[in-house]
Amino acid sequence: MRVLQVNSTDLDGKNYNGYELHKALNQRGVSSEQMVFKKTSDEWTVIPYCTGHEQYINWEMKKREKQMGMCNLLEPFSNRIVNSVFFEKADVVHYHVIHNQVLSMTDLKRIMSLKPSVWTLHDLWAITGHCVHPLDCTQWKEGCKNCQELQDLYFPMEIDKAHDLWKIKKDLFGDLDADIIVATSWMERYLRESPITKNLKRIHRIPFGIDIEKYHSYDRSELCEKFGINPHNIVIGFRAEDFAVKGLKYINEALEKMKQFDNITILTVGAGRVSETVKRKYQTVELGWQPEDVLLKVLYLTDIFLMPSLAESFGLMAIEAMAAHCAVIVFEKTVLEDLVHSPDCGVAVPYCDAEALQRAIERLIEDPMERKARGEAGRRIVEENYRFDTYVERHIEVYQEVAERNKTKIREREKTLWDMQKGYKENRMRIEDKMKQIHSLKTKLNNLSNGKAQKIAIFCAGAYGRTAYKELYERLIKVDYVVDNNKEKWGDLRLDSSWMPPYNDVKCVGMDSLLQDKGNVLIIVSNKYPEGLVDDLKARGFQYIITKQELDVILRDIPGIGELNMMEPLEKLDFSSEEVQYLTRIFNKTIADICEYYETRIWRR
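Since we're looking at a predicted model, the values are computed, not measured. (Residues numbered from 1 in each chain as written. Predicted model: local features only at pLDDT ≥ 70, side-chain atom pairs only at ≥ 80, totals over all residues. Heavy atoms only, no water.)

Enquirer: How do you make sense of the packing of aromatic side chains when you look at a structure like this?
Expert: If you walk through the whole model with that rule in mind, you get 15 aromatic pairs. Ring geometry for Tyr250 against Phe331: centres 5.6 Å apart, planes inclined by 80°, an arrangement best described as edge-to-face. With Tyr250 in helix H9 (residues 248–257) and Phe331 in strand S12 (residues 327–331), the pair connects residues that are 81 residues apart, well separated along the chain. Residue class for Tyr250 comes out buried when judged on its relative accessible area of 13%. In this structure Phe331 comes out as buried when scored by relative accessible area, which is 0%. Lying over the aromatic face of Phe542, Lys518 brings its terminal NZ or CZ to 5.6 Å of the ring centre. (Phe/Tyr/Trp six-rings, centres within 6.5 Å; stacked < 30°, edge-to-face > 60°. Helix = DSSP H or I, 4+ residues; strand = E, 2+ residues; numbered from the N terminus. Buried < 20%, exposed > 50% of the residue type's maximum accessible area, 1.4 Å probe, protein only. Lys NZ or Arg CZ within 6 Å of the ring centre and 35° of its normal.)

Right, dumping it as structure tokens:
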């Protein structure tokens with residue numbers, strides 16, 4: 001059997017996004033590949049379907065979507081997946097996190113009709129207008145009208161189109177020809193209650209699994225010495241994150257109000273911070289983010305693990321804490337209440353109630369027998385319900401069931417995946433003309449050195465240099481590095497995230513690196529007063545030099561990707577209408593075709 005896993009990335013969230021599952025399948029004789037929007041691993045069976053330039057274009061589409069409330073409609077590259085040999089050969093296609101720069105909602109139903117399909121719903125996005133965690137909002141049952149959470153953490157929008165998007169999902173997701181996988185009964189209840197997904201027939205519940213053998217005993221005294229903890233102290237651990245849904249606010253309030261104990265250590269991982277009041281009361285060890293091997297040791301040291309999240313799709317860290325014999329405290333009315341098998345194992349306290357959380361912590365501190373009993377019960381529950389081997393085996397069973405059911409139904413692939421209607425050609429030509437203008441810049445820069453400079457460097461890492469880098473990158477011109485005489489600026493040059501995707505940082509180096517490329521580099525001197533720097537570089541023997549001011553003249557009439565203005569104002573359109581969905585598909589195909597043309601015929605010459 002051949003399985004194709006489809007996800008936005010591979011290593012980030014690898015325990016639940018299909019990456020670890022994909023590797024385990026290959027070890028068990030099931031041939032598996034993973035196609036991702038952004039690849040970060042060296043695994044040869046993981047295939048990226050977009051180039052760096054195309055990721056940047058998609059990122060530009062996300063900005064337009066936010067402005068117009070078009071969440072998960074403008075995804076131009078889905079046909080890269082469908083046209084791949086991996087899709088062609090797959091017996092089953094398993095989709096994971098596909099609402100994050102992977103597939104347009106308007107493509108999903110059609111694509112899932114081409115192959116036997118499995119879709120793991122990792123959160124509640126499929127049943128809401130645009131948010132991932134509706135929390136205590138019930139509008140997802142009624143159409144998401146007048147959304148009060150436009151600035152959702154994951155999919156913010158500047159115009160309220162949540163109802164339009166909810167209607168699209170209701171039209172498209174209600175009769176999907178796919179097997180749905182959820183991790184908990186909590187998630188399944190939401191799907192059964194949603195007007196969007198209530199008619200879905202084939203829902204499988206497969207909890208995520210962990211490698212239990214990793215959670216073994218350590219030398220406690222040695223670990224306590226390493227982290228500076230009194231070995232006789234009771235350790236209260238938690239993930240400290242400033243995201244509101246992680247509940248750090250309630251942890252701080254509970255620990256601040258808790259009565260004084262002399263034998264308590266607070267131990268945290270994550271980027272958030274424990275309040276100063278808590279630090280004054282108790283020994284506090286804040287480790288920040290740590291690799292898996294350190295996290296295992298942290299959990300082994302922890303006696304009471306706090307996870308009062310306001311919303312989780314699963315809550316893998318609670319399972320990991322239970323595997324390490326921790327007594328776990330969570331909030332009621334969340335998926336975690338079911339996950340930790342409250343009240344028999346974990347402790348669930350009223351939702352968003354810091355005082356109840358405080359009382360539960362105090363009770364476990366004062367009752368070592370209950371603490372131990374809950375820790376041992378947690379370990380047993382993990383062994384019985386959350387083994388990684390079981391998780392993989394259950395997926396293989398679903399794949400076999402899906403393949404068997406669909407083997408006589410697999411349709412011939414469509415000869416044409418996209419409709420080509422009147423007006424498409426004119427739209428494509430308009431955008432192609434502007435892309436050619438952008439490409440002409442490469443020729444102009446190349447002519448400055450008569451084709452001899454194979455690299456581009458920006459001299460000076462200040463505001464002028466950063467602006468030059470931005471303007472060139474927006475025109476798809478690669479800058480190899482930035483040079484500065486100030487040693488404090490050397491290394492990774494973090495750029496302004498308001499316009500630059502985080503995956504395109506550039507190195508800042510010293511003059512020695514530039515000297516190694518003498519005769520092979522075009523230098524762009526980016527300084528308010530460049531004359532002295534230009535003279536110095538010429539004295540050092542550099543031949544190909546241009547100032548930022550001269551570059552500005554060249555760039556004046558060449559648009560950047562962000563200036564193509566490819567979409568007309570859409571604020572007044574109904575995104576759920578069949579006509580607008582059709583135009584969206586045409587637009588996505590236009591962008592994908594143009595990018596493929598330039599990647600294969602022009603940029604690689």
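Enquirer: Can you walk me through helix H2 (residues 52–68) in this structure?
Expert: An α-helical turn contains 3.6 residues, so a residue and the one three or four places further along point in the same direction. For H2, built from 17 residues, the straight-helix expectation of 24 Å at 1.5 Å per residue is met to within 8% by its first-to-last C-alpha distance of 25 Å. Taken together, the buried positions of H2 are occupied by Glu54, Gln55, Tyr56, Ile57, Asn58, Trp59, Glu60, Met61, Lys62, Arg64, Glu65 and Met68. Phi turns positive one or two residues past the end of H2, at Gly69, with a value near 70°. (Expected span 1.5 Å × (residues − 1).)

Enquirer: Just checking my understanding: could you explain the nonpolar core for this structure?
Expert: Counting 125 residues, the largest nonpolar core has Ile81, Phe87, Tyr95, Ile98, Trp119 and Phe173 as its most contacted members. In terms of residues, this core owes the most to one element, helix H16 (residues 388–406), which gives eight residues. Once residues lying within four places of it in the same chain are set aside, the contact partners of Phe173 are Met105, Leu108, Trp119, Trp125, Ala126, Ile196 and Leu200. (Core = buried A, V, L, I, M, F, W, Y, C linked by side-chain atoms within 4.5 Å. Contact = heavy atoms within 4.5 Å.)

Enquirer: Explanation requested: the sheet that holds strand S7 (residues 203–205) in the structure shown.
Expert: The strands making up a sheet associate through hydrogen bonds between their backbones, and the pairing can be parallel or antiparallel. A sheet is described by the order of its strands in space; here seven strands give the open sequence S3-S2-S1-S4-S5-S6-S7, paired in parallel fashion. Across the chains shown, the open sheet's two edge strands, defined by having one partner strand only, are strand S3 (46–48) and S7. Taking each pair of neighbouring strands and ignoring which way they run, the sheet shows an average axis angle of 25°. Sheet topology note: the strand S2 (residues 31–38)/S3 ladder contains three bridges and is parallel. If you follow Met35 over to S3, its bridge partner there is Ile47. (Pairing = 2+ DSSP bridges. Axes fitted to C-alpha atoms, helices over the stretch in contact; angles between N-to-C directions.)

Enquirer: Would you mind showing me how to read the pattern of salt bridges here?
Expert: When their charged atoms lie close together, side chains carrying opposite charge are able to pair. All chains considered together, the criterion is met by 33 salt bridges. For Arg28, the salt bridge goes to Asp389, with nearest N and O atoms at 2.6 Å. On the criterion of sequence distance, the pair formed by Arg28 in the loop between helix H1 (19–27) and S2 and Asp389 in helix H16 is long-range, its members being 361 residues apart. Asp389 gets classed as partly exposed once you look at its relative accessible area, which sits at 43%. Note that Glu60 is salt-bridged to Lys63, the shortest N-O span being 3.6 Å. Note that Glu60 and Lys63 are positioned in helix H2 at a spacing of three residues, about one turn of the helix. Taking relative accessible area as the criterion, Glu60 reaches 2% and is therefore assigned buried. (Salt bridge = Lys/Arg side-chain N within 4 Å of Asp/Glu carboxyl O.)

Enquirer: I would appreciate a short explanation of the pairing of strand S18 (residues 521–525) in the present structure.
Expert: Two faces belong to every sheet, and in a regular strand the side chains alternate between them. S18 sits mainly inside the fold: five of its five residues count as buried. Here S18 shows a buried face lined by Val521, Ile523 and Val525 and a second buried face lined by Leu522 and Ile524. Taken together, the five bridges between strand S14 (residues 455–459) and S18 define a ladder with parallel strand orientation. Residue Ile458 lies in a different strand from S18, and its bridge partner there is Ile524. When S18 meets strand S19 (residues 545–547), the two strands line up parallel, connected through three bridges. In the strand pairing of S19, Ile524 is matched with Ile546. A crossover links S18 with its parallel partner S19, the connecting element being helix H20 (residues 531–539), and its sense is right-handed. (Right-handed = clockwise from strand over helix to strand, strands pointing away.)

Enquirer: Could you clarify how one ought to interpret the sheet that holds strand S11 (residues 304–307) in this entry?
Expert: Strand order in this open sheet of six strands is S10-S9-S8-S11-S12-S13, and the pairing throughout is parallel. Edge positions in the open sheet fall to strand S10 (283–286) and strand S13 (347–349), since each of these has one partner strand only. For this sheet, the mean inter-axis angle between neighbouring strands, taken without regard to orientation, is 20°. Relative to S12, S11 is paired through four bridges, and the arrangement is parallel. Within S12, the position partnered with Met307 by the bridge is Val330. The strands touched by H9 are strand S8 (234–239), strand S9 (264–269), S11 and S12; relative to S8, the strand with the most contacts, the crossing angle is about 155°.

Enquirer: Quick question: what am I supposed to make of the environment of Phe86 here?
Expert: Topologically, Phe86 is positioned in helix H4 (residues 85–89). The class for Phe86 is partly exposed, based on a relative accessible area of 25%. Once the C-alpha coordinates of Phe86 and Leu4 are considered, the two residues, 82 residues apart in sequence, prove to be 6.7 Å apart. Setting aside residues no more than four positions away along its own chain, Phe86 makes contact with Leu4, Glu33, Met35 and Ile47.

Enquirer: Would you explain the environment of Asp152 in this entry?
Expert: Among the secondary structure elements, Asp152 is positioned in the loop between strand S5 (117–120) and helix H6 (162–173). Residue classification places Asp152 among the buried positions, given a relative accessible area of 11%. On a C-alpha basis, the gap between Asp152 and His133 in space is 8.7 Å, while along the polypeptide they are 19 residues apart. For Asp152, the residues in contact, after removing those within four places along its chain, are His130, Cys131 and Val132.

Enquirer: It is not clear to me how H1 should be interpreted in this structure. Could you clarify?
Expert: Three or more residues of H1 are buried, namely Tyr19, Glu20, Leu21, His22, Ala24 and Leu25. If you follow the buried residues of H1, they end up packed against strand S1 (2–9), S2, S3, strand S4 (92–95) and H16. Following H1 by one or two positions, Gly29 has its phi on the positive side, about 90°.

Enquirer: Is there a simple way to explain unusual backbone geometry in this structure?
Expert: A negative phi holds for most residues other than glycine; trans holds for most peptide bonds. Geometrically, the link from Ser342 to Pro343 is a cis peptide bond, its omega value of 5° lying close to zero. Mapped onto the elements of the fold, Pro343 is located in the loop between helix H13 (335–339) and S13. A positive phi angle, close to 55°, is found at Leu135, a residue other than glycine. Taking relative accessible area as the criterion, Leu135 reaches 34% and is therefore assigned partly exposed. In this model, Asn146 sits at a positive phi of 55°, which is unusual for a non-glycine residue.

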